[in-house]
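Reading the structure
So you can see what is in the structure, the chains are spelled out below.
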Amino acid sequence: MRIDVISIFPDYLAPLALSLLGRARADELLALHTHDLRAWTHDRHHTVDDAPYGGGAGMVMKPQPWGEAIDDLLAARAGPGNPDSGPRLIVPSPSGTPFHQATAERLSNAPWLIFACGRYEGIDQRVVDHYSGRMAVEEISIGDFIVGGGEVAAMVMIESIVRLVPGVLGNPESLAEESHRTGEAGGLLEYPVYTKPREWRDLAVPDVLLSGHHGQVAAWRGEQAVRRTLHRRPDLAHHSSTLDATAVAAGLDAVELRLAVLSDAAELLTLQLACWVSEAQINGALLLPPLTESLSDVQAGIGQWTTWVLRTAGRLVGSARARLEGDVYQVGRLMVAPDLQGRGLGRLLLQHAEAAAPPQARSFSLFTGAKSVGNLRRYRKAGYRVSDEPMLDATGSPDPGVLRLTKPRRR
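Residues numbered from 1 in each chain as written. Predicted model: local features only at pLDDT ≥ 70, side-chain atom pairs only at ≥ 80, totals over all residues. Heavy atoms only, no water.

Concerning the sheet that holds strand E13 (residues 328-336)
A sheet is described by the order of its strands in space; here seven strands give the open sequence E10-E11-E12-E13-E14-E16-E15, paired in mixed fashion. Here the strands that pair on one side only, and so sit at the sheet edges, are strand E10 (256-259) and strand E15 (385-386). Examined bridge by bridge, strand E14 (residues 363-369) and strand E16 (residues 402-408) share seven bridges and lie antiparallel to one another. Bridging across to E16, Ser 365 finds its partner in Thr 406. Where helix H11 (residues 345-355) meets the sheet, its contacts fall on E10, strand E11 (306-312), strand E12 (315-325), E13, E14 and E16, and the angle it forms with E13 comes to roughly 160°. (Pairing = 2+ DSSP bridges. Helix = DSSP H or I, 4+ residues; strand = E, 2+ residues; numbered from the N terminus. Contact = heavy atoms within 4.5 Å. Axes fitted to C-alpha atoms, helices over the stretch in contact; angles between N-to-C directions.)

Spelled out as structure tokens, the structure:
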């Protein structure tokens, strides 16, 4: 594999000569070259940026040096002696598509990558537009945050990509049990790992890892991977392997979590009637909306809210819904069939709903009965706190029987 990196700070990329990537270069599995963009400037100040058209803060990187730099790289590698003469241009950008493990796997099969590391307010858009007609171009983001320039993002991507190139890792089997691995068993975070000594600072290695029973070890690791994923990355909880493991933990054969469709409405109505009877009894409120809605009301709700349903063995056993109101992501109708409550399915639904919140959501909100002690305990455990903002009844007056709970969104 060949990688070229263009930057105004080529020394920033010096760590790419260390460790795994350094060995890959020494073994000639990777040809990595860095280039100073200022070498393609023509004024004594080596200017690479200018003020943006249309006004605004910051500076924009000029297209001229980028065009000449990329053209020279293409020209140097062109010809019959270079069968890999078709590169892929990667532009690190917070406005790009997200970088995932699947992206790294795909790019590890490319023979030649060129990274264009922008700075300031970014690179003139015409650079991307022009080269999109000459080669594959991808603008890629490593996360929903801002850094000083594309160099650090390029290093993250390069290390993630190169370690997947055949021969780079000494033991390729180590790729099989990593966090975020793709494939049939992928999508989970890696389980906790331990080594000698067996006891350290009064903390012991779990007994199962010392048992020598490979089946039990594998089962423990699978369960731990699921628990860690649900706790730390609930946005991955939709993955089939996560759901299957959750089903096992709940004593079910299999679980399917998907968006609701209109044909689910009748079962949703039945489920909410079953779930809200106990809430009505606890709170002394028999006119709760879930108990008074018609089938057409439930069907309308599917269109007005993002609604998920949880199914097992052909039965609808849980549901939740949410929608954005201003910058608050409202979560509602969280319900699990009475005979399956207390098995973690409600927590899975809540985490899944929170993970689906759009970027502009700054907090979460839900409500429950003031006397629903069990619900209040579970929501507090999930990070929700009772809000001072009262819930209003149909007449617009405060309803003391209903509590609003809120939770800030962590970025």
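Details of the nonpolar core
As a rule of thumb, nonpolar side chains are buried together in soluble globular proteins. Counting residues in hydrophobic clusters, the biggest one holds 38 residues, and the most contacted among them are Leu 268, Leu 310, Tyr 329, Val 331, Leu 366 and Tyr 384. Of all elements in the fold, only helix H8 (265-283), helix H10 (295-304), E11, E12, E13, H11, E14 and helix H12 (373-381) reach the threshold of two or more residues within this core. Among the elements that line this core, the one with the most residues is H8, at six residues. Contacts of Leu 268, omitting those with residues within four sequence positions, involve Val 298, Ile 302, Thr 307, Val 309, Leu 316, Ser 319 and Met 335. Val 5, Leu 13, Leu 30 and Met 155 belong to the second-largest nonpolar core, a separate cluster that totals 29 residues. (Core = buried A, V, L, I, M, F, W, Y, C linked by side-chain atoms within 4.5 Å. Buried < 20%, exposed > 50% of the residue type's maximum accessible area, 1.4 Å probe, protein only.)

Let's talk about the pairing of E16
Sheet analysis places E15 next to E16, joined by two bridges and oriented antiparallel. The residue bridging Val 386 from the neighbouring strand is Leu 405, located in E16.

So, the sheet that holds strand E5 (residues 88-98)
The parallel open sheet is built from five strands, whose spatial order is E2-E1-E6-E5-E7. Of all strands in the sheet, those bounded by a partner on one side alone are strand E2 (31-36) and strand E7 (136-141). Along the sheet, successive strands turn relative to each other by an average axial angle of 30°, direction set aside. By the bridge criterion, three bridges tie E5 to strand E6 (residues 112-116) in an arrangement that is parallel. The residue bridging Arg 88 from the neighbouring strand is Leu 113, located in E6. Its contacts with the sheet place helix H2 (residues 63-77) against strand E1 (2-7), E2, E5 and E6, and it is angled at close to 160° to E1.

Notes on the packing of H2 against helix H4 (residues 125-132)
Where H2 contacts H4, the axes come no closer than 9 Å and their chain directions differ by 30°. Here H2 lies roughly parallel to H4, going by the angle between them. Considering how the two elements wind past one another, H2 and H4 form a crossing that is right-handed. Side by side, H2 and H4 meet where Pro 63, Trp 66, Gly 67, Ile 70, Asp 71 and Leu 74 of the first sit next to Arg 126, Val 127 and Tyr 131 of the second. Its residues placed into classes, the contact of H2 with H4 shows six nonpolar, one polar and two charged. (Parallel < 35°, antiparallel > 145°, perpendicular 65-115°, else oblique. Left-handed = near helix turned anticlockwise from the far one by under 90°. Nonpolar A, V, L, I, M, F, W, Y, C, P; charged D, E, K, R; others polar.)

Brief notes about the pattern of salt bridges
Pairing of side chains with opposite charge becomes possible as their charged atoms draw close. What the rule picks out here adds up to 15 salt bridges. Close ionic contact of Arg 315 with Asp 339 constitutes a salt bridge, the shortest N to O distance being 2.7 Å. Separated by 24 residues along the polypeptide, Arg 315 in strand E12 and Asp 339 in the loop between E13 and H11 bring together distant segments of the chain. Residues participating in the shared-partner salt-bridge network are Glu 256, Arg 258, Asp 264, Glu 267 and Arg 311. (Salt bridge = Lys/Arg side-chain N within 4 Å of Asp/Glu carboxyl O.)

Side note on helix H5 (residues 150-162)
In this model H5 runs 18 Å from its N-terminal to its C-terminal C-alpha over 13 residues, within 8% of the 18 Å that 1.5 Å per residue would give. The element H5 is largely enclosed, with a buried count of 10 among its 13 residues. Taken as a whole, H5 has its buried residues at Gly 150, Glu 151, Ala 153, Ala 154, Met 155, Met 157, Ile 158, Ser 160, Ile 161 and Val 162. (Expected span 1.5 Å × (residues − 1).)

The values are spatial; any link to function lies outside them.
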